Amino acid sequence: MVDSTIVAKMRQCLENGIEFQGELLNFRKDGSPLMNKLRLVPIREEDEITHFIGVLLFTDAKIDLGPSPDLSAKEIPRISRSFTSALPIGERNVSRGLCGIFELSDEVIAIKILSQLTPGDIASVGCVCRRLNELTKNDDVWRMVCQNTWGTEATRVLESVPGAKRIGWVRLAREFTTHEATAWRKFSVGGTVEPSRCNFSACAVGNRIVIFGGEGVNMQPMNDTFVLDLGSSSPEWKSVLVSSPPPGRWGHTLSCVNGSRLVVFGGYGSHGLLNDVFLLDLDADPPSWREVSGLAPPIPRSWHSSCTLDGTKLIVSGGCADSGALLSDTFLLDLSMDIPAWREIPVPWTPPSRLGHTLTVYGDRKILMFGGLAKNGTLRFRSNDVYTMDLSEDEPSWRPVIGYGSSLPGGMAAPPPRLDHVAISLPGGRILIFGGSVAGLDSASQLYLLDPNEEKPAWRILNVQGGPPRFAWGHTTCVVGGTRLVVLGGQTGEEWMLNEAHELLLATSTTAST
C-alpha cells in the first residue's frame, strides 16, 4: 500500500534531483506483510542529472494486520486469449492487495505500457520480475513494439517473409538489433540483360528487382526495362515490353512509389542532361510509361541522388549540371497531386556541392546524406561526411553529424571517403553503407552501420559470416522482402556482371527459406 504523501515526496525528489528514501507495504501471495524499502539516488555528470539508480530492499514487516486477506476469493481480471498462453496461472505473481502497475490486468500492462517501449527497454523490463518476464515473452507484445519502433510498413513487409510466423517477433527483433544471424550468400540468376551496359539504375518492387536504362557500347543511352523475380524458384532476367518508354539515359535514378509504381528522373541522354519525370505501373496490364509534367522542375542533371517519402513524394539532391558544376540543392515532387509541382526545399545552409552520394530516408520523415564526390574550394574530393534533415520541421535544415566514431573502442574511424556506394535504411532507422569507389587500398566490401538517432552517433563495422562480393563498385543494391539485401553487378575492370549476385541475409527466417 502506498501512502499519497510518500508518492508526493518521491515526485518532489525526482523533480528536484535529490535523493529519496521511503517504505512501501506489500503482501506475499500467502498474505503475510512485506516491507519494501526504496532508495533513489541521482547520478550526475558535469552538474547535470543523467539518470537515477534505484535500490529496493525486501524485509518482513512486523505488523499485525489481523486475518490474512483471502486471495483465493479475489477475482483475477480477464485477459485476452492472446496473452493467456504466455502466462500460466501458476506463474502469475499477482496480489490483489498490491497498488500501482501490478493492480492492472496483464492485457492493460502489455497493450498500454509495454507496447509503447523500445526493444531495449522491453528486454530490461523482462528482468524485473517473473510476471513482467512472462509478459515480455509474448509475441503479440513484440509485434506492437516493432511496429511502433520500425513503422507499420516495415512490420507489414516483415510479416510476409517466409518463416516469419515460425521464428516469431521476439527473435526477429533480436536478430535485427544484434545482427547475430546476418550472413552473405552468393547465388546465380538465369537470363541475360542484353545489350551489356553500365551506369543503369535499379529498384526493388516487392520481391522483384527492376533495371531501367544504362550506358551501352560507345556511351549509347538505353531505355529498356528488365525484371528479376526473386520470388521465383529459378530467378532469371526477363525483358519487359512497355509502351511509350522514356528517352534513353544513364546516370539517372529509379525509385519506387505507391507499391508497384516506378519513377525515373534525370540522367544523361542523347541530347545532353535531362530533368524529365516518367512513371511506370509494373502491375498494369499492359505496363506503360507515362510522362509527368511537373511544374518548375530542377535544372537538368545526372549522378544526383534521390529517395521517396510517404510513398508519394520524390526527393532529389545534388548531382552534376550541364556546365560540369556540382549542385547542392534539394527538391521535392509530390506525385499524389493532380498536377505535380516541384518545389525547392529552402534551407539556411547547404552541405558542399556533390555527386555520387546517397540519400536515405529513416524514421518517418528524416533523410540522411552520405559521401560522394564533394567540392572543397576549387578541388573535388571523395567525401565521408554525414548530414541529416528532418522534413517534419516547419523550417527544415541540413545538420552535420559530427564526432562519429570517437565513442567506439579503439577510436574507430568513419568509413573511408567514397562515391557511387549504396546506403540502406534498416528497421529502427539505422543506416548501412556498402561498397563504392574508394581511393587507395581500402576494401569497399566492408559493411558500416550508423544509427543517426543516437545522442552521439558512432560508426560500427558489421562483421558477418560468408564471403562478400569481390567487386563492390558499379553495383546496385536493393532490399527485397525486408530481410534480404541483394547486390547485383559490379565492375571487374573488364566487364559488368549481372548474373552473379550476392545477398546479405538479415534474419534467420530468410536464411532458413533460402
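Structural notes on the packing of aromatic side chains
Applying the stated rule across the entire model yields nine aromatic pairs. Between Trp250 and Trp303 the ring centres are 6.1 Å apart and the planes differ by 55°, which places this aromatic pair in the tilted class. Highlighted residues: Trp250 in the loop between strand S8 (237–240) and strand S9 (253–257) and Trp303 in the loop between strand S12 (289–292) and strand S13 (305–309), separated in sequence by 53 residues. Overall, Trp250 belongs to the buried group, its relative accessible area being 9%. Between Phe331 and Trp342, the aromatic rings sit 6.5 Å apart at their centres with planes inclined by 80°, giving edge-to-face as the arrangement. On the criterion of sequence distance, the pair formed by Phe331 in strand S15 (residues 326–334) and Trp342 in strand S16 (residues 342–344) is long-range, its members being eleven residues apart. Here Phe331 and Trp342 have matching classes, each one buried. An aromatic cluster is present here, built from Trp250, Tyr268 and Trp303 joined pairwise through their rings.

Concerning the packing of helix H6 (residues 139–150) against helix H7 (residues 152–159)
Interaxial distance between H6 and H7 falls to 6 Å at its minimum, and their mutual angle equals 130°. Relative to H7, the element H6 lies oblique. The segment H6 lies against H7, with Arg143, Cys146, Gln147 and Trp150 engaging Thr152, Ala154, Thr155, Leu158 and Glu159. A breakdown of the residues in the contact of H6 with H7 according to their chemical character gives four nonpolar, three polar and two charged.

Brief notes about the confidence of the model for the chain
Where the model shows low pLDDT, its predicted coordinates should not be examined in detail. Model confidence for the chain is summarised by a mean pLDDT of 79, while 76% of its residues fall at 70 or above. The low-confidence segment residues 63–99, where pLDDT is below 50, has 59 contacts with residues more than four positions distant or belonging to other chains.

A short note on the sheet that holds S15
Pairing in this open sheet of four strands is antiparallel, and the strands run S13-S14-S15-S16 from one edge to the other. The open sheet terminates on both sides in strands that have one partner only, identified here as S13 and S16. Direction aside, neighbouring strands of the sheet carry axes that sit 25° apart on average. Here S13 pairs with strand S14 (residues 313–320) via five bridges, running antiparallel. Bridge pairing in S14 places Thr308 opposite Leu314.

Calculation notes
- The residue count restarts for each chain, going from 1 along the sequence in the order it is written.
- Local features in this predicted model are restricted to residues whose pLDDT is 70 or higher, and side-chain atom pairs enter the listing and the counts only when it is 80 or higher, whereas totals over whole chains, interfaces and linings include all residues.
- Side-chain descriptors were evaluated using all non-hydrogen atoms of the structure, hydrogens and water having been removed beforehand.
- To pair, rings of Phe, Tyr and Trp, with the six-membered ring standing in for Trp, must have centres within 6.5 Å; the planes then decide the type, stacked if under 30 degrees apart, edge-to-face if over 60, and tilted in the middle.
- A helix here means a DSSP run of H or I that spans at least four residues, while a strand means a run of E at least two residues long, and both kinds are numbered starting from the N terminus.
- Burial status follows relative accessibility: with a 1.4 Å probe on protein chains alone, a residue under 20% of its type maximum counts as buried, one over 50% as exposed, and anything between as partly exposed.
- Note on definitions: angles span 0 to 180 degrees between N-to-C directions of axes, and those axes are lines fitted to C-alpha atoms, for helices only across the stretch in contact.
- If an angle is under 35 degrees, it is roughly parallel; if it is over 145, roughly antiparallel; if it lies from 65 to 115, roughly perpendicular; otherwise it is oblique.
- Contact definition: two residues touch when any of their heavy atoms are within 4.5 Å.
- Polar here means any residue other than Ala, Val, Leu, Ile, Met, Phe, Trp, Tyr, Cys and Pro, which are nonpolar, and Asp, Glu, Lys and Arg, which are charged; Gly is therefore polar.
- A residue's pLDDT is the predictor's confidence in that residue, given on a scale from 0 to 100.
- Strands are treated as partners if at least two bridges between them are detected by DSSP.

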